[in-house]
Amino acid sequence: MAEYSYSYKIPVGPVHPGLKEPIHLSFEIEGEEVVNLDIKTGWVHRGIEYLGLQRNPIQVIYLAERICGICSVCHAFCFARAVESAAGIEVPLRAEYIRTIIAELERIHSHILWAGVAAHLMGFDSLFYYTWRVREEVMDVLEYLTGNRVNYGILAIGGVRRDITTDGAAKIRENLESYLGLFNRLVEAFVEDPSVRARTRDIGVLTREEAIETCAVGPTARASGVATDVRQDQPYCAYADLEVKAITPEAITGETRGDVFDKAVVRLFEIAQSIEIIEKCLEGLPEGKISAEDKLPRLLNQLKKASGEGISSIEAPRGEDYHYVRLEEGEANVTAWKVRAPTYANIPSWFPMMKGAQIADIPLIVASIDPCISCTDRVTVVDRKKGTTTVLTEEDLRRLCVEKTRRMLR
Amino acid sequence: MTIEVLAGKLLAVVGITVFALVCGLFFKGIDRIVAARMQSRIGPPLWQPYWDIQKLLLKETVVPENAIPWIFNGAPILALISAITILLYIPMGGVGPVLEGRGDLILILYLFTLPAVAMVAGGFASGSPYAAVGSQREMVTMMSYEFPLAAVVITLAWKLWAAYGAGTAGFYAFSLSAFADYPVWGSVGIVGGIGLLLTLLALLVVTPAELSKVPFDAPEAEEELAGGLLVEYSGRNLALFYLGEAVKTLVMSALIVALFFPYNLAPVLGMGGTGALVVDFVFFWVKTLVVMLVAVTYVRIALARLKVDQIAYLYWVPVLGLSLGGLALVVIDHFLF
């Protein structure tokens with residue numbers, strides 16, 4: 001007897017209410033169950049890396065901030081560290097602490113934002129409105145500290161551009177105080193609420209092995225029990241003094257299932273962790289300069305003379321963010337810049353998570369890695385004459401790679 | 001039936017239709033404002049639903065290429081008409097129902113499935129995978145809540161029949177005016193009262209599913225199915241569905257009031273004549289509004305959306321248990337106490 005297939009295809013995206021950014025997911029569905037999945041990216045490719053190569057490192061800071069709309073300080077932070085490592089610039093300790101504080105404040109707002117999005121995708125709009133309302137408080141503090149709500153413009157090569165005054169510190173403390181109170185309510189809403197539990201428990205399970213296999217990073221990996229955190233594994237900036245420990249659901253709920261619920265738990269408790277880190281940073285905030293070099297022309301000159309490669313990885317709210325920068329002597333511009341945003345590493349984990357999921361779980365599973373598509377899109381191959389867009393397969397990439405190696409060897 | 005009676009009925013039908021549309025949208029406006037305030041938002045103006053309809057009527061009505069036009073266009077009309085028809089059978093305070101007979105409740109049960117069936121048909125006819133999935137979910141939801149709903153109706157009708165036996169109330173046990181004249185709470189003891197409470201609770205849980213509201217809005221689930229079975233609808237067709245949903249919300253709440261809270265205010269105030277009629281009519285709709293705010297608005301903002309398998313489980317096990325338990329208690333109350 002011939003085999004009949006009862007499956008049908010459901011396209012999700014590039015534009016879909018369940019997605020916050022354009023990405024195309026093509027699902028093969030049987031009844032309500034997902035049997036197969038195909039992902040296409042490339043709808044928000046902006047050529048930022050290419051643009052960066054037309055500018056000098058100080059100008060690239062502003063581009064780097066705009067790679068992501070949520071973790072905007074992380075990319076600038078990571079880029080600045082890569083450049084500093086390439087040019088051998090020593091950052092003053094106070095600046096390192098201020099960078100840490102800003103990055104942690106950003107983690108708080110990013111995780112609360114995620115919580116709101118997740119609630120919205122569950123159809124729980126009250127919780128969505130609540131979380132986004134409380135998120136405004138940390139945004140206000142960030143605005144007070146840096147002058148901006150989203151793209152803070154506080155990072156500079158060799159330090160930061162604004163100091164945290166005593167007033168600012170008091171404001172942060174006041175804010176942290178109120179978040180400690182809110183934290184309990186958020187835990188109540190996400191961890192103890194039965195209707196949230198019904199939608200997230202055992203949904204989108206990513207086992208420990210699968211997390212390692214798909215190279216997941218950040219909260220996605222930690223929720224599966226992989227205790228990885230750049231702040232713990234390769235402490236940078238002030239984290240070296242603070243002894244950050246990666247948060248895994250094991251330590252909180254006593255078991256690791258790697259589902260969406262665990263991912264929510266990890267993110268929520270990272271808010272508490274961030275509060276603690278900021279408090280410690282404020283306490284131990286050292287006196288001193290906030291920038292290695294205040295005069296921009298002099299800094300530019302120094303960077304122009306510098307030659308070398310720099311890599312840097314930091315823990316963004318979504319996971320490990322990685323930048324590679326190359327500077328060449330006599331060249332004002334950055335000669336090579338490679339960004340690997342955390343979502344790029346997390347997307348493959350959708351495949352094991354989607355297996356056997358229901359249609360209703362799709363948006364939540366997609367959101368569970370807190371995807372940032374515009375950070376991820378790297379290349380779109382377009383034939384302008386024919387007006388077609390092509391996808392490069394693994395074979396094509398290998399061929400291109402071999403060709404380039406041969407060219408360079410010649 | 002004389003010409004005068006027929007003309008009067010026709011006039012009443014037209015009047016009730018207009019009233020249902022206006023009042024349905026008005027209730028929707030209140031629902032949206034109250035929900036917004038509960039979520040500490042400001043919310044839209046009270047007149048927003050009217051403006052929505054006005055705008056939708058101005059928009060182009062798109063029929064997808066691979067849709068079946070007559071089903072696709074017919075479904076919204078059927079949904080609206082069947083919702084309005086139910087209202088003709090419901091006594092509103094002192095104002096008796098426009099149409100009545102012996103089997104009103106059974107007819108209403110069927111009329112309630114009609115809008116859902118129309119939406120399913122429209123969804124399947126629109127030729128979109130999202131709409132098809134939405135339609136499947138709507139069917140599953142429907143099959144899940146019908147049994148508890150039927151159990152509730154049977155409990156009430158049986159009680160009325162058992163309590164008033166051979167009298168008019170017993171004869172008209174399935175008629176809604178009988179419920180208005182003989183409130184069910186009057187003929188039960190404490191055990192039966194608990195039974196009726198369980199029945200009421202079951203009916204309240206069925207309400208949001210009947211109306212496809214959160215947590216039972218899986219068939220429309222914006223974030224999952226981009227509007228589900230309504231995804232291809234636009235313009236006039238969408239306006240009709242929107243109106244149909246508003247009227248259905250009104251009718252479902254009104255039905256709960258008519259079955260469980262048929263008490264009038266005028267006798268308490270000692271009023272009579274036209275004044276009493278007006279007071280009772282207004283009081284009836286106030287009660288309906290309260291029921292709607294509890295069963296629809298509050299539930300809608302307090303819970304997350306359930307998945308379709310969870311919906312099926314909820315209705316087939318706990319809610320069915322509730323309604324059958326209610327029936328059992330009412331029966332026990334009747335025979336033992």
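Residues numbered from 1 in each chain as written. Chains lettered and ligands numbered in written order. Predicted model: local features only at pLDDT ≥ 70, side-chain atom pairs only at ≥ 80, totals over all residues.

Overview of the overall build of chain B
For step 1, the next point in the chain: Regarding its fold elements, chain B presents 13 helices and 0 strands.
For step 2, the next point in the chain: In summary, chain B has a C-alpha radius of gyration of 20 Å against a globular reference of 20 Å for 337 residues, a match within 12%.
For step 3, the next point in the chain: Its C-alpha atoms give chain B principal-axis dimensions of roughly 60 × 50 × 45 Å.
For step 4, the next point in the chain: Across the 337 residues that make up chain B, the buried fraction comes to 50%.
For step 5, the next point in the chain: A sequence separation of at least 24 residues applies to 79% of the contacts in chain B between residues at least 6 apart. (Helix = DSSP H or I, 4+ residues; strand = E, 2+ residues; numbered from the N terminus. Rg over C-alpha atoms; globule rule 2.2 N^0.38 Å. Buried ≥ 20, exposed ≤ 12 C-beta atoms within 10 Å, placed from the backbone. Contact = placed C-beta atoms within 7 Å.)

Observations regarding the overall build of chain A
For step 1, the next point in the chain: Of regular secondary structure, chain A possesses 19 helices and 10 strands.
For step 2, the next point in the chain: Taking 2.2 N^0.38 as the reference for a compact globule, 410 residues should give roughly 22 Å; the C-alpha atoms of chain A span a radius of gyration of 22 Å, in line with that estimate.
For step 3, the next point in the chain: The dimensions of chain A, computed from C-alpha atoms along their principal axes, are 80 × 60 × 35 Å.
For step 4, the next point in the chain: Counting only residues that meet the buried cut, chain A has 48% of its 410 residues in that class.
For step 5, the next point in the chain: Relative to all contacts within chain A whose residues are 6 or more apart in sequence, the contacts with residues 24 or more apart total 69%.

Description of the packing of helix α8 (residues 190-210) of chain B against helix α12 (residues 273-302) of chain B
All names here are of chain B.
For step 1, the next point in the chain: At a minimum axis separation of 9 Å, α8 and α12 run at an interaxial angle of 70 degrees. In this view, α8 runs roughly perpendicular relative to α12, as classed from their interaxial angle. Like other packed secondary-structure pairs, α8 and α12 cross with a definite hand, here right-handed. Each of L204, T207 and P208 in α8 lies in contact with α12, whose residues at this interface are A295, V296, V299 and R300.
For step 2, the next point in the chain: The class makeup of the residues in the contact of α8 with α12 is 5 nonpolar, 1 polar and 1 charged. (Axes fitted to C-alpha atoms, helices over the stretch in contact; angles between N-to-C directions. Parallel < 35°, antiparallel > 145°, perpendicular 65-115°, else oblique. Left-handed = near helix turned anticlockwise from the far one by under 90°. Nonpolar A, V, L, I, M, F, W, Y, C, P; charged D, E, K, R; others polar.)

A look at helix α5 (residues 125-146) of chain A
Owing to its 3.6 residues per turn, the α-helix aligns residues three or four sequence positions apart on the same side.
For step 1, the next point in the chain: An ideal rise of 1.5 Å per residue puts 32 Å on 22 residues; α5 of chain A measures up with 31 Å between its terminal C-alpha atoms.
For step 2, the next point in the chain: Considering only its buried residues, α5 of chain A is in contact with α4 (93-121) and α6 (166-192) of chain A together with α12 of chain B. (Expected span 1.5 Å × (residues − 1).)

Points about the confidence of the model for chain B
Predicted coordinates in areas of low pLDDT are best not read in detail.
For step 1, the next point in the chain: Model confidence for chain B is summarised by a mean pLDDT of 83, while 96% of its residues fall at 70 or above.
For step 2, the next point in the chain: Predicted as a complex, the structure gets a pTM of 0.84 and an ipTM equal to 0.78. (pLDDT = per-residue confidence, 0-100.)

So, the interface of chain A and chain B
For step 1, the next point in the chain: Taken together, the contact between chain A and chain B spans 24 residues of the former and 23 residues of the latter.
For step 2, the next point in the chain: Of all elements in the fold, only β1 (8-12), α4, α5, α7 (194-200) and α17 (362-368) of chain A reach the threshold of two or more residues within the side of chain A that touches chain B.
For step 3, the next point in the chain: Along the lines of polarity and charge, the residues of the side of chain A that touches chain B split into 13 nonpolar, 7 polar and 4 charged.

Here's the deal with the sheet that holds strand β7 (residues 319-327) of chain A
Residue and element names in this part refer to chain A.
For step 1, the next point in the chain: As summarised here, the arrangement of the 3 strands in space is β6-β7-β8, forming an open sheet in which the pairing is antiparallel. Two strands close off the open sheet at either side, each with one partner strand: β6 (308-316) and β8 (336-340). Along the sheet, successive strands turn relative to each other by an average axial angle of 10 degrees, direction set aside.
For step 2, the next point in the chain: In this structure, β7 lies alongside β8, joined through 5 bridges in antiparallel fashion. Within β8, the position partnered with Y324 by the bridge is K338.
For step 3, the next point in the chain: The sheet strands contacting helix α3 (residues 72-87) are β6, β7 and β8, and the helix crosses β6 at an angle near 150 degrees. (Pairing = 2+ DSSP bridges.)

A word on helix α13 (residues 308-336) of chain B
Residues and elements named next belong to chain B.
For step 1, the next point in the chain: Between the first and last C-alpha of α13 there are 40 Å, a value that for 29 residues agrees with the 42 Å anticipated at 1.5 Å per step.
For step 2, the next point in the chain: The sharpest bend along α13 reaches about 35 degrees and sits at L320.
For step 3, the next point in the chain: On its buried face, α13 is in contact with α5 (129-164) and α8. (Bend = angle between axes of the 7 residues up to and from the residue.)

Section: the sheet that holds β1 of chain A
Sheet strands line up and pair through hydrogen bonds in the backbone, either parallel or antiparallel.
All names here are of chain A.
For step 1, the next point in the chain: Pairing in this open sheet of 3 strands is antiparallel, and the strands run β1-β2-β3 from one edge to the other. If you trace the sheet from one side to the other, it starts and ends with β1 and β3 (33-40), each paired once. Within the sheet, the average angular offset between the axes of one strand and its neighbour, ignoring direction, is 25 degrees.
For step 2, the next point in the chain: Looking at chain direction, strand β2 (residues 24-30) and β3 are connected through 7 bridges and run antiparallel. Looking at β3, one finds that L25 is bridged to I39.

As for the nonpolar core
For step 1, the next point in the chain: Formed by 225 residues in total, the largest nonpolar core has its most connected members in F79, A118 and I365 of chain A.
For step 2, the next point in the chain: Looking at which element gives the most residues to this core, the answer is helix α10 (residues 235-260) of chain B, with 18 residues.
For step 3, the next point in the chain: With residues up to four places along the chain from it excluded, the contact list for A118 of chain A reads A264, L364 and A367 of chain A. (Core = buried A, V, L, I, M, F, W, Y, C linked by C-beta atoms within 7 Å.)

Comments concerning the environment of W132 of chain A
All names here are of chain A.
For step 1, the next point in the chain: Its place among the elements puts W132 in helix α5.
For step 2, the next point in the chain: On the basis of neighbour counts, which here come to 17 C-beta atoms within 10 Å, the residue W132 falls in the partly exposed class.
For step 3, the next point in the chain: Placed 12 residues apart in sequence, W132 and Y144 show a C-alpha to C-alpha distance of 19 Å.

Focus on the pairing of β6 of chain A
Residues and elements named next belong to chain A.
For step 1, the next point in the chain: Of the pairings in the sheet, the one linking β6 to β7 comprises 9 bridges and is antiparallel in character. In the strand pairing of β7, G308 is matched with L327.
For step 2, the next point in the chain: Counted along the chain from β6 to the antiparallel partner β7, the turn is 2 residues long.

Observations regarding the packing of helix α3 (residues 69-88) of chain B against α10 of chain B
Residue and element names in this part refer to chain B.
For step 1, the next point in the chain: Following both chains from N to C, one finds α3 and α10 inclined at 25 degrees, their axes separated by 8 Å at the closest point. One way to sum up the angle between α3 and α10 is to call them roughly parallel. In the packing of α3 onto α10, the handedness of the crossing is left-handed. On α10, the residues touching N73, P76, I77, A79, L80, A83, I84, I86 and L87 of α3 are N237, L240, F241, L243, G244, V247, K248, V251 and A254.
For step 2, the next point in the chain: Of the residues in the contact of α3 with α10, the class split is 14 nonpolar, 3 polar and 1 charged.

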